[in-house]
Amino acid sequence: MRSSQFFLSTLKEAPSDAEVVSQKLMLRAGLIKRAAAGIYTWMPLGLRTLRKVEAIVREEMNRSGALELLMPAVQPAELWQESGRWEKYGPELLRFKDRHQRDFVIGPTHEEVITDVVRREVKSYRQLPLHLYQVQSKFRDEIRPRFGVMRGREFLMKDGYSFHASFDDLKREYQVMYDTYSRIFTRLGLQFRAVAADTGSIGGTGSHEFHVLADSGEDDIAYCPDSDYAANVELAEALAPATPRPAAGEALAKVATPGQTACADVAAFLKTDLTRVVKAIAVVSEDAEGKPHFALLLVRGDHELNEIKASKLAGLTDFRFASDAEVEQYLGCQPGYIGPVGVDAGKVRVIADRTVAAMADFVCGANEAGFHLTGVNFGRDLAEPAEVADLRNVVAGDPSPDGKGVLGICRGIEVGHIFQLRTKYAEALNCKFLDDNGREQVMEMGCYGIGVSRIVGAAIEQNYDDKGIIFPAALAPFTVAIVPMGYHKSDAIRDAANALYAELQAAGVDVLLDDRNERPGSMFADMELIGIPHRVVIGEKGLAAGQVEYKGRRDEAATMVARDAIVAHLLESLAK
RNA sequence: CGGGGAAUAGCUCAGCCUGGUAGAGCACUGCGUUCGGGACGCAGGGGCCGGAGGUUCGAAUCCUCUUUCCCCGACCA
């Protein structure tokens with residue numbers, strides 16, 4: 001491509017509402033243009049990169065035996081009503097009516113549609129397993145779209161769905177996908193990690209997220225540097241402390257802590273450590289009859305309650321935080337000074353985090369406004385906790401659940417997710433087949449997603465400098481830029497540039513010849529901003545000596561290469 | 001949903017307090033000079049100052065409403 005024939009639209013300054021690096025650079029480099037919140041046009045330059053991601057994803061999916069199809073973005077409401085998600089999905093699901101007042105949705109995902117296709121077409125175990133995938137735009141009406149294409153409302157996704165006659169076969173395919181995804185992200189040149197993920201309400205063991213490691217990521221990942229353990233913090237298990245609870249050493253005392261309601265404030269006020277304080281979190285859950293049950297969840301002052309873990313406890317599914325009135329009703333005290341001491345065990349369920357259960361001489365609210373207790377001990381000042389559970393998020397320094405070291409926490413951008421769905425949708429949508437005994441059985445399903453457009457943002461988050469994007473070669477819109485010094489003034493330069501351009505094209509290289517009548521500084525700045533990995537500068541002096549100048553995007557300085565050797569040199573660099 | 005902030009040229013912003021003919025830089029057009037790190041000069045084009053009301057002789061500016069966007073929060077007692 002000649003840049004005079006292409007559409008470059010670079011900006012010196014990023015739009016002021018751009019938040020993260022990738023968003024700023026994508027807008028400055030002219031890869032995308034914003035159409036509305038979370039909705040973007042992919043400009044010709046950005047589309048080249050997006051297509052390269054797609055191509056790699058397709059190649060590897062096809063190689064794994066999956067078959068591509070294309071499902072509609074607009075889906076009938078009936079399927080969603082049948083699966084139950086019409087009610088459950090919430091406002092993220094964009095719904096609308098057609099001219100006949102029939103309900104439709106714009107697909108945020110395609111389990112319903114694919115299951116509908118398969119249940120109509122597949123009747124026999126002989127037709128299984130089957131893995132169908134598509135690369136398609138999705139729409140999710142996010143509350144807060146942000147970070148450009150990283151959390152857009154409309155985005156491009158590869159979504160695949162596999163159907164199996166047995167759970168064992170699903171597990172086999174799941175492993176195939178695990179390996180396929182690892183190959184895809186490796187080919188894309190990304191630093192990533194597969195992490196065990198929460199399986200939500202569906203249960204089961206099989207779910208992994210693939211995260212690109214970047215500080216701007218929205219997810220916290222717990223990983224063990226000494227093993228391959230990695231899990232979303234939502235899921236990572238916090239083990240019970242290795243050392244048993246120390247003996248009580250202090251007497252129980254009630255101290256005035258006027259106005260000190262937050263744990264950190266109480267700790268500072270009492271000149272003690274936050275790790276000596278126990279935080280009581282009041283929650284309420286309703287049972288099948290709609291009767292409220294009140295519970296106190298105890299976690300150490302410096303720890304965070306993990307709501308997903310808490311909601312997995314019996315009777316706490318769908319729990320919510322207690323209102324101030326409820327706290328008052330059950331504990332006779334306003335929030336800020338509540339604690340587990342002296343509560344009515346018949347009315348208030350107390351669940352202690354494993355760490356709390358091993359604490360002695362701790363501080364907690366006195367259930368009296370303006371007062372806290374110090375020197376509190378289980379078994380002396382209050383009953384031993386009736387229930388002990390893992391309630392908190394792991395923190396850096398916690399022991400790894402696999403027993404092989406200490407956890408670290410890093411941020412990640414979720415770019416892939418694989419999931420053993422089991423029979424959730426197949427059952428709801430009556431997707432059955434006849435097994436080899438002629439018996440009707442529900443199909444086992446897996447689903448596998450890759451955020452194609454998000455990958456472009458994630459790749460930039462991982463690869464940039466103060467001059468702009470540094471695309472991994474596999475993603476670069478062009479892999480080589482030819483920058484002639486004086487294309488419009490010198491016949492020799494022009495001829496040399498054109499010749500090299502033709503040679504590289506013939507060699508199958510995605511080459512951009514910057515033949516604009518721009519000053520050198522502008523051309524250099526643009527080629528760097530848009531992240532082209534390799535650059536060849538053709539200048540008068542070098543050319544006279546039979547040389548051109550080569551510089552890799554990450555190189556400190558340029559090197560002179562013989563004109564006759566430059567194509568081979570580039571091909572070698574590209575192959576790396 | 002709650003709290004902040006913003007909205008003026010394609011982009012980044014000034015002007016608003018203290019009302020009086022709409023500005024700068026970048027980008028764009030033309031001409032000239034320049035040409036190895038985002039050049040310079042001259043001459044241009046481009047705005048319903050987000051929208052609707054109000055106050056006023058007069059509103060980008062003051063008041064009210066509204067829309068949109070951004071940020072933070074929406075457990076951490």
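It should be emphasised that the depicted structure is a prediction, and the values quoted were computed from it without experimental measurement. (Residues numbered from 1 in each chain as written. Chains lettered and ligands numbered in written order. Predicted model: local features only at pLDDT ≥ 70, side-chain atom pairs only at ≥ 80, totals over all residues. Heavy atoms only, no water.)

## Quick word on the overall build of chain A
Helix and strand content of chain A: 16 helices and 31 strands. Projected onto the principal axes, the alpha-carbon positions of chain A cover approximately 95 × 70 × 50 Å. Within chain A, the fraction of its 576 residues that count as buried is 52%. Taking contacts inside chain A between residues at least 6 apart in sequence as the whole, the part at least 24 apart equals 69%. Accessible surface computed for chain A: about 25,900 Å², of which carbon and sulfur atoms make up 50%. (Helix = DSSP H or I, 4+ residues; strand = E, 2+ residues; numbered from the N terminus. Buried < 20%, exposed > 50% of the residue type's maximum accessible area, 1.4 Å probe, protein only. Contact = heavy atoms within 4.5 Å. Areas by Shrake-Rupley, 256 points an atom, 1.4 Å probe, with all protein chains shown as cover.)

## Observations concerning the environment of Ser137
Counting through the fold element by element, Ser137 comes out in strand 7 (residues 130-139). Along the backbone, Ser137 and Met157 are 20 residues apart, and their C-alpha atoms lie at a distance of 6.1 Å. Look past the residues within four positions of Ser137 in its chain and what remains in contact with it is Glu154, Phe155 and Leu156.

## So, helix 13 (residues 491-506)
The end-to-end C-alpha distance of helix 13, which contains 16 residues, comes to 22 Å, matching closely the 22 Å that a straight helix rising 1.5 Å per residue would cover. Listed as buried for helix 13 are Ile493, Ala496, Ala497, Leu500, Tyr501 and Leu504. Buried residues of helix 13 fall within an arc of 135° about the axis and therefore sit on the same side. Contact partners of the buried residues in helix 13: strand 27 (480-484), strand 28 (511-513), strand 29 (534-538), helix 15 (540-544) and helix 16 (566-575). For helix 13, the capping residue at the N-terminal end is Ser490, with a side-chain oxygen 3.3 Å from the backbone nitrogen of Ala492. At the C-terminal side of helix 13, Gly508 shows a positive phi close to 80°. (Expected span 1.5 Å × (residues − 1). Arc of directions from axis to C-beta. Polar contact = N/O pair within 3.5 Å; in protein donor to acceptor, adjacent residues only side chain to side chain.)

## Let's talk about the sheet that holds strand 13 (residues 253-256)
The sheet built from three strands is open, its strands ordered 13-19-18 with antiparallel pairing. In this open sheet, the two edge strands, each paired with only one partner strand, are strand 13 and strand 18 (362-365). Neighbouring strand axes in the sheet, compared pairwise and without regard to direction, differ in orientation by 30° on average. Bridge count between strand 18 and strand 19 (residues 371-376): three bridges; the pairing is antiparallel. Each bridged residue has a counterpart across the sheet, and for Phe362 the counterpart in strand 19 is Val376. (Pairing = 2+ DSSP bridges. Axes fitted to C-alpha atoms, helices over the stretch in contact; angles between N-to-C directions.)

## Notes on the domain arrangement of chain A
Assigned domains of chain A: these are domain 1 (21-188 + 426-460), domain 2 (253-389) and domain 3 (478-575). Taken together, the six residues of domain 1 in the interface contact five residues of domain 3. In terms of surface lost to domain 3, no three residues of domain 1 exceed Leu45, Arg48 and Lys52, which account for 64% of the buried area on that side. Seen at the junction of domain 1 and domain 3, the total is two salt bridges. The salt bridge partner of Arg48 is Asp510, with a shortest N-O separation of 3.3 Å. Inspection of the region where domain 1 meets domain 3 yields two residue pairs in polar contact (both at pLDDT 80 or more). (Domains from an automatic or database assignment. Buried area = accessible area lost by both parts, 1.4 Å probe. Salt bridge = Lys/Arg side-chain N within 4 Å of Asp/Glu carboxyl O.)

## Points about the environment of Gly30
When you line up the elements, Gly30 lands in the loop between helix 1 (21-28) and strand 1 (32-36). Each C-alpha atom of the pair Gly30 and Glu286 lies 52 Å from the other, and the pair is 256 residues apart in sequence. Setting aside its immediate chain neighbours within four residues, Gly30 contacts Ser9, Met43 and Leu45.

## Remarks on the pattern of salt bridges
Evaluated as defined, the whole model comprises 41 salt bridges. In this structure, Glu142 engages Arg151 in a salt bridge whose closest nitrogen and oxygen atoms are separated by 3.2 Å. Accessibility expressed as a relative area gives 17% for Glu142, which makes it buried. Several salt bridges share partner residues, and in doing so they unite Glu59, Glu60, Arg63, Arg183 and Arg187 into one network.

## A look at the protein's contact with RNA strand B
Taken together, 42 residues sit near RNA strand B, with Ser16, Arg144, Thr261, Glu528 and Glu549 positioned nearest. The sugar-phosphate portion of RNA strand B accounts for 50% of its atoms within 4 Å of the protein, the bases making up the rest. The contact in question runs from a sugar or linking oxygen of RNA strand B to an N or O atom on the side chain of Lys12, over 2.5 Å. Taking Leu305, its main chain carries an N or O atom lying 3.2 Å from a base nitrogen of RNA strand B. (Near = heavy atom within 4 Å.)

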